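Next come the chains, spelled out residue by residue.
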Amino acid sequence: MRTASISRRTAETDVSVSIALDGTGKAEIATGVGFLDHMLELFARHGLFDVTIKVEGDLHVDQHHTTEDTGIALGQAVAKALGDKRGIARYADIHLPMDETLSRIAIDISGRPFLVFRTSFRVEKIGQFDTELVREFFQAFAMNAGITLHVETLYGENAHHISESVFKGLARALRKAVAIDPREDGRVPSTKGSL
């Protein structure tokens, strides 16, 4: 099984993450931010990744550092679990519906981190969660996983549904991109020979 664990401690947060890419969707998530926990549970379940995340953050300030640093550590864990990326599919995309919302997610596990994020919210908060933190999470994740990630919500109204569609879309696209392609026969999927 392709697994990794990451611990990251700063003056703002103490984050520990473990991931098994070839899991069953089991999640043990405790970030202290209820909405973020919900999104990460969706990520694990729909990606069929086994994920454990524990965070102690400066929530007396706000939820920004906790959300961003969770994205950093989860991205680092994915990159570490992928190793030299031999045999993976590398590319994947998906259209993910959530009721009235439709989002498109495309991934290249390229080793060249980049984020295009064309998703917006009509409200500033979902419960106590700042909707601008969705982008912060995706930015932190993409940069630290070393992936090119395009996220676009084609249409949608409800902020909760929009957030679910992009997190579930990330999970489903990543699940396909990290899958072992038997036709690759253990090769790195690049003409350069490395990613």
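Just so it is clear, the structure is predicted and the values come from calculations on it, not from any experiment.

1. Quick notes on the pattern of salt bridges
Okay, so step 1: Overall, the coordinates contain 11 salt bridges when judged by the stated rule.
Okay, so step 2: Between arginine 112 and aspartate 108 there is a salt bridge whose closest N-O contact spans 3.9 Å.
Okay, so step 3: One salt bridge connects glutamate 164 with lysine 168, and the closest N-O pair in it is separated by 3.0 Å. One end of the pair is glutamate 164 and the other is lysine 168, both in helix 4 (residues 159–178) and 4 residues apart, which spans about a single turn. Each member of the pair, glutamate 164 together with lysine 168, is buried.
Okay, so step 4: What emerges from the salt-bridge pattern is a single network uniting Arg90, Asp108 and Arg112.

2. Some thoughts on helix 4
Okay, so step 1: Counted at 1.5 Å a residue, the expected span for helix 4 with its 20 residues is 28 Å, and the 28 Å between its end C-alpha atoms agrees.
Okay, so step 2: In terms of burial, helix 4 is largely enclosed, as 16 of its 20 residues are buried.
Okay, so step 3: By the N-cap criterion, in which a side-chain oxygen at the helix start approaches the backbone nitrogen of a residue two or three places on, helix 4 is capped by asparagine 158, the distance to histidine 160 being 2.9 Å.

3. Thoughts on the packing of helix 3 (residues 132–145) against helix 4
Okay, so step 1: Close contact between helix 3 and helix 4 brings their axes to 11 Å; oriented N to C, the two are set at 15 degrees. The angle between the axes of helix 3 and helix 4 places the two elements in the roughly parallel class. As for the relative orientation of helix 3 and helix 4, their crossing is left-handed in sense. Contacts between helix 3 and helix 4 involve Val134, Phe137, Phe138 and Phe141 from the first element and Ser163, Val166, Phe167, Leu170 and Leu174 from the second.

4. A closer look at the pairing of strand 2 (residues 13–20)
Okay, so step 1: Here strand 1 (residues 3–9) pairs with strand 2 via 7 bridges, running antiparallel. If you follow serine 7 over to strand 2, its bridge partner there is serine 16.
Okay, so step 2: Taking the residues that link successive antiparallel strands as the turn, the strand 1-strand 2 hairpin has 3 residues.
Okay, so step 3: Relative to strand 4 (residues 50–57), strand 2 runs antiparallel, the two being bridged by 8 bridges. Looking across to strand 4, one finds that alanine 20 is bridged to aspartate 50.

5. Details of the sheet that holds strand 3 (residues 27–30)
Okay, so step 1: The sheet built from 4 strands is open, its strands ordered 1-2-4-3 with mixed pairing. Here the strands that pair on one side only, and so sit at the sheet edges, are strand 1 and strand 3. Each strand axis lies, on average, 5 degrees off the axis of its neighbour in the sheet, ignoring direction.
Okay, so step 2: Of the strands in this sheet, strand 2, strand 3 and strand 4 touch helix 1 (residues 34–47), which is tilted by about 160 degrees from strand 3.

6. Considerations on unusual backbone geometry
Okay, so step 1: The phi torsion at arginine 90 lies on the positive side, around 80 degrees, for a residue other than glycine.
Okay, so step 2: Topologically, arginine 90 is positioned in the loop between helix 2 (64–82) and strand 5 (91–98).
Okay, so step 3: A relative accessible area of 6% places arginine 90 in the buried class.
Okay, so step 4: Positive phi, normally seen in glycine, also occurs at aspartate 185, with a value near 55 degrees.
Okay, so step 5: Position of aspartate 185 among the secondary structure elements: in the segment after helix 4.

About the thresholds
Residues numbered from 1 in each chain as written. Predicted model: local features only at pLDDT ≥ 70, side-chain atom pairs only at ≥ 80, totals over all residues. Heavy atoms only, no water. Salt bridge = Lys/Arg side-chain N within 4 Å of Asp/Glu carboxyl O. Helix = DSSP H or I, 4+ residues; strand = E, 2+ residues; numbered from the N terminus. Buried < 20%, exposed > 50% of the residue type's maximum accessible area, 1.4 Å probe, protein only. Expected span 1.5 Å × (residues − 1). Polar contact = N/O pair within 3.5 Å; in protein donor to acceptor, adjacent residues only side chain to side chain. Axes fitted to C-alpha atoms, helices over the stretch in contact; angles between N-to-C directions. Parallel < 35°, antiparallel > 145°, perpendicular 65-115°, else oblique. Left-handed = near helix turned anticlockwise from the far one by under 90°. Contact = heavy atoms within 4.5 Å. Pairing = 2+ DSSP bridges.

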